[in-house]
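Structural overview
Here is how the chains run, residue by residue.
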Amino acid sequence: MEYNFKEIEPRRRSEWRKHDIYRVSVDPSRPKYYVLDMFPYPSGAGLHVGHPLGYIASDIYTRYKRLCGFNVLHPMGFDAFGLPAEQYAIQTGQHPATTTAQNVARYREQMDKIGFSYDWSRQIETCDPAYYKWTQWAFVKMFESWYDPEAGRARPIAELRALRPELTEEDLMGYRLAYRAETMVNWCEALGTVLANDEVVGGLSERGGHPVEQRRMMQWLLRVSAYAERLLGGLDGLEWSDSLKEIQRGWIGKSVGAQVFFNVAGGEEAACNDNGRGEAAGRENENGRGEIDGGEKLEVFTTRPDTIYGVTFMVIAPEHERALKLTTPAQKAEVERYIAATKKRSERERIADTKKVTGVFTGSYAVNPFSGTEIPIYISDYVLAGYGTGAIMAVPAHDSRDWAFAKHFDLPIVPVVEGGDVAEASYDAKSGQMINSDLINGLEVKDAIEKMFDQIERRGLGRRKVNYRLRDAIFSRQRYWGEPIPIYYKDGVATAVPLEKLPLELPAVSDFSPTRSGEPPLARVENWTYEGYPLETSTMPGFAGSSAYYIRYMDPANDTALVSREADDYWRSVDLYMGGIEHATGHLIYSRFWNKFLFDLGVVAEQEPYKKLVNQGMIQGRSNFVYRFDFSAKLIRPIIVKHGSEYLSKEENPDAVKEAEADYLFHAIKDAPSVFFSLEKYAGFKEGTITKRELYDAVMRIPFFADLTRDYNTDIEVDSITLTPLHVDISLVKNDVLDVDAFRAWRPEFAGAQFVTEENGKYVCGWAIEKMSKSMYNVVNPDMIVENYGADTLRMYEMFLGPLEQSKPWDTNGIDGVHKFLRRFWGLFWSDGGRGANGVPVSGSVQGGGVPVSDAFRVSDAEPTPEELKTLHKTIKKVREDIENFSLNTSVAAFMVCLNELGKCDKRAVLEPLTILLAPFAPHIADELWSLMGHATTIFDEKMPEYNPEYLVENSFDYPVSVNGKLRFKKTLPLGLTVAEIEAATLEDENAAKWLEGKAPKKMIVVPGKIVNIVI
RNA sequence: GCCCGGAUGGCGGAAUCGGUAGACGCGUUGGUCUCAAACACCAAUGGCCGCAAGGCUGUGUCGGUUCGAUCCCGACUCCGGGUACCA
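The notes below deal with the structure included here. (Residues numbered from 1 in each chain as written. Chains lettered and ligands numbered in written order. Predicted model: local features only at pLDDT ≥ 70, side-chain atom pairs only at ≥ 80, totals over all residues. Heavy atoms only, no water.)

1. Things to note about the overall build of chain A
We count it as follows: Counting from the N terminus, the helices are the DSSP runs of H or I reaching at least four residues and the strands are the DSSP runs of E reaching at least two. Only protein chains enter the area calculation, which uses a 1.4 Å probe; residues under 20% of their type maximum are buried, those over 50% are exposed, and those in between are partly exposed. Should any heavy atoms of two residues lie within 4.5 Å, those residues are counted as being in contact. Accessible areas in this description were obtained via Shrake-Rupley with a 1.4 Å probe; residue shielding takes into account the shown protein chains only.
Counting secondary structure elements, chain A contains 30 helices and 41 strands. Buried positions account for 53% of the 1016 residues belonging to chain A. Put simply, 72% of the contacts in chain A that link residues at least 6 apart link residues at least 24 apart. In the form shown here, chain A has an accessible surface area of approximately 45000 Å², with 49% of it arising from carbon and sulfur atoms.

Next comes the structure, spelled out in structure tokens:
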């Protein structure tokens, strides 16, 4: 009987459904285990082969844990609010709810086909009002809480009100964990919304790659920074990869230093009295006039107080609130010009030329509190307003950025730590002896830092302070398709919608674009009010719905609480969280924050939501593209660069390119065959060879092209010629060559297009290995694999591809090997070896789960041989260890080895445990065979076999014998010999005599059970 | 720039308390079956020399420690990820 997966798999799945075998409930009599997958955003492209990688691994682990006796919670849901659905809605007018529901249905169907063991009765969708009620509830709770640093936890705002009755509503906003403030935000014009820091990558929006600029706007924020220390400390106890923890530590960015106040001094020439801007005038300070809240002092943050004697100037950020106040009339015009110019520069431009030094002198001076020297105050955008105090004490001798600034403005550079030559470069290292530093001369840097901390505090110049890079999360999005923020404005005062009125449902609209005045779509909704007062019109960001979803799975239908005490006490937190590393600085920070807040409220029992976390790698796709352009201008010359790092010009004139002037080439992708273009005006080059690396370097030197190498999939303009990259569906490309006719049928709008990269009359596609996405037309759909090979093969093949954590391109080479394994395994159970085609008739006899069985099915009750038992138990040991370590590729290999060693074996005592062992990986075939073996209940109610070490005992060992470290021969000896016996036996061997050539060995190393080494 | 990780056959990858490098699979070659092809099965397969026995060489490069190094140490090259004026 053949292995007919097309019949077996649907049958098994319908059995599972019928008996509802994946439903779980609280059961204190059994140990619990919680396995969670990061839930997907249901995109229109459907599931691709990359999605299931993590799902399969976690499913294997879930089934394994279940077979080991755990009550395993393994739920799934959908992160259903989001930008793509809304963008699609703007284009088509289709309501996001409609498309989202369609996509969810499609995802469900695809997931079911792979045979996951989710308890679908717990499915959640973030856009469901019954779900987002609790997202809104948590937000209101945050709004009504403040962080008490003394207690180290969140407390109700009412307590603060009682504690400090003098605080106004406005003051309280400065304490609330969810608060509204005017801040600099990442504004994305193309998307019409603000974005959180983790949604901006290199100055472009993560979604869509649109430019992002800095803007000052009134926004809702979450005071994540209040939890910085706890978020940092909590990492220590987690079973996460070190790299992931490092990323989070870096993102939190703790630095220990001191805040120091510098007096602002007026020189004689600081004629600030003239215009009344007295703050900058030191004279006033001396006279004791006009003291407003330390206004004459400039506060800085430093981690290097030891270098304070080396401070030769100060720099404040252009956005610093006192930038203009510190400016003397003489400098006013210049300063204003500089500030205006900085404002105009986008984040991206600032990143692009960080090397360029810019700045302007304010005209005023500060006084070094230790040396008493007067030092100039500058404004420059290398100082960030958002970090520390927005002002620094500059130590050019020991900070490379200050050094560059000092060089540019010809400011003095005074070394205070022995080490480098400060004329050449700054000496940034934190070691060496202090010099030119009065109090601390001769001390080591470390001691000097400590002493200065003390001195600063003793003299009242400032105090120790810890700073974090982690910023508060901007929580408003000027979009429609998200959770409404449950806030209304009662006479202008932000007030929370009462908890019992939640959910505040998202109203239905028909127009999803921003209003003409740039307001979010909800501003267009009539009666978007609460008790007559206007409601907030922005909605929550994507991370809101995913922050506490794992809690909701524990008790998804609860209408009176986020989670019941009972459910939370039992399920507690996620034992295994599986997902991509791309969430390291977004979701995984916010979710931990959210959870800690709920912990402070007493809603959840655990401080950390995800105990163990495994990052599965990304399965990438290969995307193909051609460039469409107009030849008529004759400005562009296509050049194909071959794998072997030579290049060839494909035009008539092969001398067209010169090695040294490969500058104006565009490197489309890193891996060959790459596509380059050269301008006619750079023709006259001589033919030659150039390495890809050299070409790449050359291209990178030109900023214009450097950008393109990142975003090759945007239009390229070269001397007013526009090249448009067209991504090509994978099915239209064979061996890098585009099937033009098929392409034209597929994209009729480009029927007449000309393409670059023509070779022998064929259009050669460039390609890149990247994330699978609909827009790249490189999505490989798992349905096809399931159709052709079955779900079990897909599952095992994805695991077999390589280490789980590693990213790898999708490649179906090798899938046959895995499929063959399953067929052979199936064959063990049939008298015809599973061939079927050879004509074994199928009779009508029925066994087990009502499956028609061929007479050829047979499992014998004979006693297994010691070899068979050894193979079985070796495999049990290996597979169990591998699953625990998530080394699933090697466990698949172990199954193959097992089968190779067993050869033909039809003994129940071997096949039954082996089938259970395989069940987590290939649930359909395993459960089918289980049923065929006469069991009425599912294999997943069985116990995982345990290995018996007795079967693995060896009594002899094939010793590798090396001479001077080189393996020369092997000698089989019984185990249990003493070292002396092994030595003697080895030396007796004729091979030993040959290598010794009559000499006595100098030394012998014997490691019993491992190796023998003879040293001559 | 800084921080972290990595580099093993034609390919994906095994093996790291320092002890037989290349498990398993793919691919390739040869064979069996077949009228033929496909499937399936059997065998070989790091490179070099050799009819063979066998030898030499081999885990990015150079050096070190060791009886013995893919593994430890030092220097370097390349690749990947994180972060980027964070004071």
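Still more to cover.
2. A short note on helix H26 (residues 888-902)
Heads up, the rule is: Take the residue count of a helix, subtract one, and multiply by 1.5 Å to get its expected span.
A rise of 1.5 Å per residue sets the reference length of H26, with its 15 residues, at 21 Å; its end C-alpha atoms lie 21 Å apart and thus fit the reference within 8%. Every buried residue of H26 is accounted for by Leu888, Asn889, Ser891, Val892, Ala894, Phe895, Met896, Cys898, Leu899 and Leu902. Looking at the packing, one finds that the buried side of H26 touches helix H2 (51-67), helix H23 (791-800), helix H24 (815-827), helix H25 (866-885) and helix H27 (908-918). With its phi angle positive at about 60 degrees, Gly903 sits one or two positions after the end of H26.

3. A word on the packing of aromatic side chains
Applied cut-off: By convention, a stacked pair of Phe, Tyr or Trp rings (six-membered ring in the case of Trp) has centres within 6.5 Å and planes under 30 degrees apart, an edge-to-face pair has planes over 60 apart, and any other such pair is tilted. Two conditions define a charge located above a ring, namely a distance within 6 Å from the ring centre to NZ of Lys or CZ of Arg, and an angle within 35 degrees of the ring normal.
What the rule picks out here adds up to 53 aromatic pairs. Ring centres 5.9 Å apart and planes at 70 degrees place the aromatic pair Trp16 and Tyr22 in the edge-to-face group. In this structure, Trp16 and Tyr22 share a single accessibility class: buried. The interplanar angle of 75 degrees and the centroid separation of 4.7 Å between the aromatic rings of Tyr570 and Trp571 together place this pair among those described as edge-to-face. Ring pairs connect the aromatic residues Tyr3, Phe5, Phe821, Phe825, Trp826, Phe829, Trp830, Phe857, Phe895 and Phe921, which therefore count as one cluster. A cation over an aromatic ring shows up here: Arg223 above the ring of Tyr179, its NZ or CZ 3.9 Å from the ring centre.

4. Let's talk about the pattern of salt bridges
In plain terms, the rule: Salt bridges are counted wherever a side-chain nitrogen of Lys or Arg sits within 4 Å of a carboxyl oxygen of Asp or Glu.
Applying the stated rule across the entire model yields 46 salt bridges. Across the salt bridge formed by Arg11 and Glu928, the nearest N and O atoms sit 2.5 Å from each other. Of this pair, Arg11 sits in helix H1 (residues 5-19) while Glu928 sits in helix H28 (residues 923-932), and the two are 917 residues apart along the sequence. A residue is classified by how much of its surface remains accessible, and Glu928, at 1% relative accessible area, is buried. Salt bridges sharing common partners tie together Glu7, Arg11, Arg12, Asp927 and Glu928.

5. Focus on the sheet that holds strand E39 (residues 966-974)
Where we set the bar: Two strands pair if DSSP finds at least two bridges between them. Comment: axis = line fitted to C-alpha atoms, over the contacting stretch for helices; angle = value between 0 and 180 degrees taken between N-to-C directions.
With mixed pairing, the 4 strands of this open sheet are ordered in space as E39-E38-E41-E40. Edge positions in the sheet fall to E39 and strand E40 (1003-1007), since each has one partner strand and no second. When the angles between neighbouring strand axes are averaged without regard to direction, this sheet yields 20 degrees. Taken together, the 5 bridges between E40 and strand E41 (residues 1011-1015) define a ladder with antiparallel strand orientation.

6. Focus on the packing of helix H9 (residues 242-252) against helix H18 (residues 587-601)
This is how the line gets drawn: Oblique is the label for every angle not falling under 35 degrees (roughly parallel), over 145 degrees (roughly antiparallel), or within 65 to 115 degrees (roughly perpendicular).
Packing of H9 against H18 brings their axes to within 11 Å, and their N-to-C directions diverge by 75 degrees. In terms of their interaxial angle, H9 and H18 are classed as roughly perpendicular. Between H9 and H18, the contacting residues are Leu244, Gln248, Trp251 and Ile252 on the first element and Leu588, Ile589 and Arg592 on the second.

7. What about the environment of Ile730?
Note on placement: Ile730 falls in the loop between strand E29 (721-728) and strand E30 (733-734). A C-alpha to C-alpha distance of 6.9 Å links Ile730 and Ser623, two positions 107 residues apart in sequence. In this structure, Ile730 is in contact with Arg622, Asn624, Tyr777, Asn778, Val779 and Val780, ignoring residues within four places of it in sequence.

8. Let's talk about the sheet that holds strand E5 (residues 178-188)
The strand order E6-E5-E9-E17 describes an open sheet built from 4 strands, whose pairing is antiparallel. If you trace the sheet from one side to the other, it starts and ends with strand E6 (193-195) and strand E17 (473-474), each paired once. With 10 bridges joining them, E5 and strand E9 (residues 213-222) adopt antiparallel strand pairing. Its bridge partner lying in E9, Ala178 is registered against Leu222. Lying over the sheet, helix H5 (residues 129-143) contacts E5 and E9, oriented at roughly 95 degrees with respect to E9.

Bear in mind that shape data such as this cannot, by itself, settle questions of function.
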